[in-house]
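Understanding the architecture of this molecule
Chain by chain, the residues run as shown.
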Amino acid sequence: MSTAPEMPLHMRRSEFDPVEELGRSREAEGVRRLITSFAPPMYLVTRFDDVRAALADPVRFSNVAPTPPSTDGSGLGEEEAADLRAGNLLALDPPEHARLRRMLTPEFTMRRIRLLEPRIVEIVDTALDDLERAGRGADLVEHVALPVPSLVICELLGVPYADRADFHRQSSLMLDLSVSEEHRRTAELQMRGYLAELGAAARQRPGEDLLGMLVREHGAELTPSELTGIAMILLVAGHETTANMLGLGTLALLRNPEQAALVRTDPGVVDAAVEELLRWLTIVHAGVPRTTTEEVTIAGQRIPAGEQVVLALSSANRDPALIDEPDRFDITRGAAGHVAFGHGLHHCLGAPLARMELRIAFPALLRRFPRLACAVPPEEVRFRHAHAIYGVHSLPVTW
């Protein structure tokens, strides 16, 4: 009988909170050697100022990782690894990163995102109708948290919503560290194959969606692998992150009913509430590991060139250097300056879209169901402890 592997320190949680050992490490040393069963040894950076500085320095901290040795003997060749990196903004440095991001930025400006607001409101309302029809005890993750961002990103990209079950299953597998490296890679290749077909169809008949826009305006500049990679990072990031924020964020509000009441009744606190939820939950445990291009010193620790560095976003966002009483959840303060979306060149491109979905969905949910409550005892809520994006597997609710 196989047992789940122990998660790296920066991924360990006690419900909403990073484990105490991570906080002690941040206070005592700031940087420590990280030994895991998933990758070669790395350096774990835990303090807010150090994490933010590394995120802002793509020269000394490269996003292009060396092709890692496989833990199960099925490693990638350099050519295959390069093909998988193509179009993945998180795996690229300038100037390639800047070239691709420049193509996408116009689609994610606040002005463009505001045009989507009426449609997002419709999508949220439809999901809430579905939850109500399902009746008390229904799973909020199944009926609201997953379908809302999935439908939004499907419409934006031009991905058939009917295929959502398959791409959700594959993206969830890709991010699940409790399964083998081989299974994660198989899921990634299946997803890429599916999106490559969509990209090829968009080249033949470009629509009004984002893939069609890329083909019409930048088709000659993009290789097929780049178009596939762009679609993949946007699809996976666009629904996995927001879905888990909706599920875990709802649970956090239900556990704090006075703050949930504020979100339900006071539109003026919603923006601040979303920022505090993003900071306090930090569902993306860490950014993509960076590789040092020269010797660097962080928190007094010398790190040689060619080493991989993990930037613990959850620890940085709970650092007293960022905010007073960081472990306290308080939606009235807003928590400006957090790194839940990263920082610098790789700051999340879709942050305006994610924020809009959360700003619409949380108050709409709490207004529709003013007596919303968790339908199972606290100990029965299953958290996604083995996933790169934290959340809950399901959230049965009543009202």
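Now for a description of the structure that goes with this document. Bear in mind the structure is a predicted one, so any value in this text is a computation, not a measurement. (Residues numbered from 1 in each chain as written. Predicted model: local features only at pLDDT ≥ 70, side-chain atom pairs only at ≥ 80, totals over all residues. Heavy atoms only, no water.)

Side note on the nonpolar core
Formed by 96 residues in total, the largest nonpolar core has its most connected members in Leu-131, Val-159, Leu-195, Leu-210, Leu-214, Leu-234 and Leu-281. When residues of this core are assigned to their parent elements, the largest contribution, 16 residues, is made by helix α11 (residues 224-254). Residues within four places of Leu-131 in sequence aside, it is in contact with Ala-138, Asp-139, Leu-140, His-143, Val-144, Leu-365, Phe-369, Val-397 and Trp-399. Among the nonpolar cores identified, the runner-up in size contains 16 residues, and Val-31, Val-45, Ile-303 and Leu-313 belong to it. (Core = buried A, V, L, I, M, F, W, Y, C linked by side-chain atoms within 4.5 Å. Buried < 20%, exposed > 50% of the residue type's maximum accessible area, 1.4 Å probe, protein only. Helix = DSSP H or I, 4+ residues; strand = E, 2+ residues; numbered from the N terminus. Contact = heavy atoms within 4.5 Å.)

Observations concerning the side chain of Thr-228
On the secondary structure map, Thr-228 appears in helix α11. Taking relative accessible area as the criterion, Thr-228 reaches 6% and is therefore assigned buried. If sequence neighbours within four positions are ignored, Thr-228 has contacts with Arg-192, Leu-195 and Ala-196.

Digging into unusual backbone geometry
Each neighbour pair has its own omega, and for Pro-94 with Pro-95 the value is 5°, a cis peptide bond. Structurally, Pro-95 can be placed in the loop between α3 (78-85) and α4 (96-104). The residue Thr-282 is not glycine, and still its phi comes out positive at about 35°. Secondary-structure assignment places Thr-282 in the loop between α13 (270-281) and β6 (290-292). Taking relative accessible area as the criterion, Thr-282 reaches 2% and is therefore assigned buried. With a phi angle near 45°, Glu-325 is a residue other than glycine that sits in the positive phi range. In this structure, Glu-325 sits in the loop between α14 (313-316) and α15 (351-368).

Comments concerning the sheet that holds strand β9 (residues 308-311)
Pairing is mixed in the open sheet, where 5 strands are placed in the order β3-β4-β9-β6-β5. Looking at strand neighbours, the two that pair on one side only are β3 (31-34) and β5 (61-62), the edges of this open sheet. With respect to the sheet, helix α2 (residues 48-55) is in contact with β4 (42-45), β5, β6 and β9, its orientation differing from that of β9 by roughly 120°. (Pairing = 2+ DSSP bridges. Axes fitted to C-alpha atoms, helices over the stretch in contact; angles between N-to-C directions.)

Here's the deal with the packing of helix α8 (residues 164-174) against α11
Between α8 and α11, whose axes approach to 10 Å, the crossing angle comes to 90°. In terms of orientation, α8 and α11 fall into the roughly perpendicular class. Two secondary-structure elements touch here, α8 through Phe-167, His-168, Ser-171, Ser-172 and Met-174 and α11 through Met-232, Leu-235, Val-236, His-239 and Glu-240. Considered class by class, the residues forming the contact of α8 with α11 number 5 nonpolar, 4 polar and 1 charged. (Parallel < 35°, antiparallel > 145°, perpendicular 65-115°, else oblique. Nonpolar A, V, L, I, M, F, W, Y, C, P; charged D, E, K, R; others polar.)

Some remarks on the pairing of β9
Along β9, one buried face is formed by Gln-308 and Val-310 and the opposite face, lined by Val-309 and Leu-311, is buried too. Bridge analysis of β4 against β9 gives 3 bridges, and the strand direction is parallel. Within β9, the position partnered with Leu-44 by the bridge is Val-310. In the sheet, β6 pairs with β9 via 2 bridges, with the strands oriented antiparallel. Residue pairing in the sheet places Thr-291 in a bridge with Gln-308 of β9.

Points about helix α1 (residues 20-28)
Three or more residues of α1 are buried, namely Leu-22, Gly-23, Ser-25 and Arg-26. Taken down its axis, α1 places every buried residue within 160° of arc, on the same side. Within α1, the exposed residues directed more than 90 degrees away from the buried face are Glu-20, Glu-27 and Ala-28. Lining the buried residues of α1 we find β2 (17-18), β3, β4 and α14. Positive backbone phi, at 85°, marks Gly-30, one or two positions downstream of α1. (Arc of directions from axis to C-beta.)

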